[in-house]
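Reading the structure
What follows is the residue order along each chain.
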Amino acid sequence: MSDIDIEKDLSPERNDMENASSPVKCMTEEEEDLSKNTKKCERIIESVLFAAGHPVEYSRLADAMNISLSLCKKIISDYSEKYNADGELQRGIMMVMFPDSCQICTREEYGSYIRHALGIRRGGNLSNSSLEVLAIVAYNQPVTRAYIDTVRGVDSSYAVSSMCDKKLIEPCGRLDVPGRPMLYRTTDNFLRVFGLNSVSELPEIEVGDGDTVRAGDGESEQLTITDSEEA
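Residues numbered from 1 in each chain as written. Predicted model: local features only at pLDDT ≥ 70, side-chain atom pairs only at ≥ 80, totals over all residues. Heavy atoms only, no water.

Our focus in this paragraph is the packing of aromatic side chains. In this structure the tally under the stated criterion is 2 aromatic pairs. A centroid spacing of 4.9 Å and a plane angle of 45° characterise the contact between F190 and F194, whose relative ring orientation is tilted. In this arrangement the basic side chain of R91 is found over the ring face of Y83, its NZ or CZ atom lying 3.9 Å from the centre. (Phe/Tyr/Trp six-rings, centres within 6.5 Å; stacked < 30°, edge-to-face > 60°. Lys NZ or Arg CZ within 6 Å of the ring centre and 35° of its normal.)

Here we take up the pattern of salt bridges. Taken as a whole, this structure holds 7 salt bridges when the rule is applied. As a salt-bridge pair, E32 and K40 come within 3.0 Å of each other at their nearest N and O atoms. On the basis of relative accessible area, K40 is assigned to the partly exposed category, the value being 27%. Note that R145 and D155 form a salt bridge whose closest N and O atoms lie 3.5 Å from each other. With R145 in helix α7 (residues 145-152) and D155 in the loop between α7 and α8 (157-165), the pair connects residues that are 10 residues apart, well separated along the chain. Overlapping salt bridges, with partners in common, bring together R145, D149 and D155 in one network. (Salt bridge = Lys/Arg side-chain N within 4 Å of Asp/Glu carboxyl O. Buried < 20%, exposed > 50% of the residue type's maximum accessible area, 1.4 Å probe, protein only. Helix = DSSP H or I, 4+ residues; strand = E, 2+ residues; numbered from the N terminus.)

Applying the stated criterion across every chain, the model contains 0 disulfides. Between C102, a cysteine without a disulfide, and C72, which holds the nearest cysteine sulfur, the sulfur-to-sulfur distance is 7.0 Å. (Disulfide = S-S within 2.5 Å.)

Here is the structure:
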């Protein structure tokens, strides 16, 4: 076969490769204006949350749809009300909103069926000491471990460590006093586990002479906080 024949045989393949590598002009997601297409935004949000399987930040959803953060939150807030509404089309899953993120998760009443169908072993219940630590942190956050110890009257290092391992509380800075002790707060996982959108939904508790305390109204809110870098 001559050189000319070889060139002729290869030229169609080369042309195909060139055509395949050439850019195709089409509208991408970034170019599409979704700010006025609420229905499509709702479908995108649902698909992203379903695929993620964990909380997704509002900022990431807004960036994916190229819309403002405020509009994204409003769409999710309105959609979650419809999504979670009781009625003929009540779902076995629900959309949960957290302060900085949202998630699709199963409804609590179907937990036993899920565990049976998937062969999931039920996790152990939280101990009384763990629940005490969670309550102290939730109602007074951010708090130091020393504050927790004082309220409980016993050492709480193990319970605090256990709650951190379970991602129910987390370090959030250091108190600006000598020694710079670590401060702790509840997490989004805490809200998810207890079926809350925010700690403000926790019930009021009665203390002292009939006084009531709401979550987040503790004295430790007035403390000066620094960043969480190690001392």
